[in-house]
Amino acid sequence: MMARLPLGARVTPATRVCMALAAATLAAAAGCVATGGVSYTLADGEIREPLTAGNPDAERGRKVLVSREANCILCHAVPETGERFFGNLAPPLSGIGRRLTAAQMRARIADPLAFNRESIMPAYYRVEGLNRVAENLRGKPVLSAAQIEDVIAYLQTLQ
Amino acid sequence: MILRFAFALPWLAAMAAYAAQPFRPEPLKSGLEFSGAEVRALYQDDFSSPAMLWTTRGEKLWNEPAGAAGKSCASCHQDARTGMKGVSVKYPKVDPGTARLTNIEGRINQCRTQHQQTEPLRYESDELLALTAYVGLQSRGQTVSAVIDAQNRRNFERGRDIFYTRQGQMNLACTHCHDRNFGRKLLNDTISQGHGNPYPAYRLEWQTMGSLHRRLRACFFGVRAEMPPAGSQELLDLELFLAWRSQGLKVETPGVRK
């Protein structure tokens with residue numbers, strides 16, 4: 001249905017950084033994504049490097065998590081956010097900070113299909129391999145690198 | 001060559017089986033069963049159902065002469081309660097004249113242009129919703145029984161492919177919500193099996209009546225995908241696939257939904 005990695009993607013400066021990183025991990029199963037300004041290396045179920053430099057903020061992350069833009073609570077219950085309504089298409093995220101490291105969260109948010117080909121969770125940091133995206137959103141990841149880092153900061157507070 | 005063909009056979013057989021019989025939720029359930037008590041109560045009492053304002057209007061339009069021909073729907077079809085009984089359960093279907101897949105809305109507009117010699121009604125206009133709902137009402141309680149045959153198989157297949165293809169920024173297909181997750185909550189909506197049997201329906205969220213195509217466009221919007229226009233070939237093909245998928249359910253037109 002869709003290619004997970006950008007096969008035949010043009011080699012851009014971002015791609016080269018990405019390849020260098022992939023080589024550095026020495027992991028056979030390293031997946032490297034570098035298109036549309038989106039770049040990361042996913043290996044062993046982790047994205048180790050933050051997607052961007054800066055100071056992630058948990059409170060900002062909470063707001064992103066419940067926003068229309070990210071809509072995490074469409075599927076996940078996160079009672080700690082103070083919201084009243086949550087979906088139940090996905091496991092609750094309470095206590096997720098105990099179960100996953102930041103690097104693991106980053107990978108699961110950026111590219112859930114790397115864990116489960118059939119996942120219904122959208123990839124929040126991907127612009128490749130999508131089909132008929134609404135014109136105003138085409139070429140843009142669902143969330144920015146900084147927003148994802150904020151969300152991770154918030155998820156880590158869920159102990 | 002023969003060898004190649006032999007290799008291809010199991011694959012062909014599998015494809016044929018898939019084409020003939022994609023997954024269908026079991027048991028089939030109308031969206032009404034997932035709608036909550038308030039919506040069900042509105043629907044079950046025709047005097048409180050806001051959708052009935054449209055069928056009343058539809059009945060009036062049915063009997064009003066229109067266009068250069070000066071004919072009403074009733075001039076050709078007489079009393080809708082007999083003439084239109086059971087008609088909508090077979091739609092969408094291929095129109096013998098144009099050889100194109102046509103839904104009730106399309107059929108009404110064809111009657112308008114050909115027989116009444118007047119302008120087609122705009123998709124989603126109150127008039128078209130009223131007539132479509134009134135025609136649909138004559139099949140209420142009857143079983144959806146769209147037939148897939150040589151004439152509409154390509155439409156069926158295209159509709160099926162849309163249903164199973166991930167799309168939009170959310171990268172979800174219809175099947176992800178309506179086959180695998182019905183009964184679960186998407187924020188505060190309970191996901192149904194995604195059948196077309198109540199349409200046109202009054203949606204509380206819209207505060208008005210809407211066509212099936214309007215509802216489908218809302219799902220495309222939800223996954224942040226390009227929205228095909230109402231009445232487009234893609235939505236007609238999808239409508240046919242949905243009709244096949246809901247064969248056996250009862251027509252609820254005009255329905256009520258959240």
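Residues numbered from 1 in each chain as written. Chains lettered and ligands numbered in written order. Predicted model: local features only at pLDDT ≥ 70, side-chain atom pairs only at ≥ 80, totals over all residues. Heavy atoms only, no water.

Counting from both sides, the interface comprises 24 residues of chain B and, opposite them, 30 residues of chain A. The largest per-residue losses of area from chain B upon contact with chain A belong to Arg166, Gln169 and Leu187 of chain B, which jointly make up 29% of the total buried on that side. In this assembly, chain B and chain A are joined by three salt bridges. One salt bridge in this structure joins Arg180 of chain B and Glu118 of chain A, with 3.0 Å as the shortest N-O distance. Linking chain B with chain A are 15 residue pairs in polar contact (both at pLDDT 80 or more). (Contact = heavy atoms within 4.5 Å. Buried area = accessible area lost by both parts, 1.4 Å probe. Salt bridge = Lys/Arg side-chain N within 4 Å of Asp/Glu carboxyl O. Polar contact = N/O pair within 3.5 Å; in protein donor to acceptor, adjacent residues only side chain to side chain.)

The subject of this paragraph is the packing of helix α4 (residues 102-110) of chain A against helix α5 (residues 145-156) of chain A. Residues and elements named next belong to chain A. With their axes 10 Å apart at the nearest point, α4 and α5 run at an angle of 130 degrees to one another. Between α4 and α5, the interaxial angle falls into the category oblique. Every pair of crossing elements has a handedness; the one defined by α4 and α5 is right-handed. Contacts between α4 and α5 involve Ala102, Met105, Arg106 and Ile109 from the first element and Ile148, Glu149, Val151, Ile152, Leu155 and Gln156 from the second. (Axes fitted to C-alpha atoms, helices over the stretch in contact; angles between N-to-C directions. Helix = DSSP H or I, 4+ residues; strand = E, 2+ residues; numbered from the N terminus. Parallel < 35°, antiparallel > 145°, perpendicular 65-115°, else oblique. Left-handed = near helix turned anticlockwise from the far one by under 90°.)

Structurally, the position occupied by Thr81 of chain A is in the loop between α2 (58-66) and α3 (96-99). Sequence-distant contacts of Thr81 of chain A, defined by excluding residues within four places in its chain, comprise Arg62, Leu65, Val66, Phe86 and Tyr154 of chain A.

A separate point is the domain arrangement of chain B. Residue and element names in this part refer to chain B. Assigned domains of chain B: these are domain 1 (26-46 + 144-257) and domain 2 (52-137). Its C-alpha centre places domain 1 at a distance of 22 Å from the equivalent point of domain 2. Listed by partner, the interface residues are 26 residues for domain 1 and 20 residues for domain 2. Across the domain 1/domain 2 interface, buried area totals approximately 1900 Å², and carbon plus sulfur atoms make up 66% of it. Contact with domain 2 buries area across many residues of domain 1, yet Met209, Leu236 and Pro254 alone supply 23% of it, more than any other trio. Where domain 1 touches domain 2, the interface holds zero salt bridges. Mapped onto the side of domain 1 that touches domain 2, the elements with two or more residues apiece are β6 (208-210), α10 (212-222) and α11 (233-245). Sort the elements by how many residues they give to the side of domain 1 that touches domain 2 and α11 lands first, with six residues. (Domains from an automatic or database assignment.)

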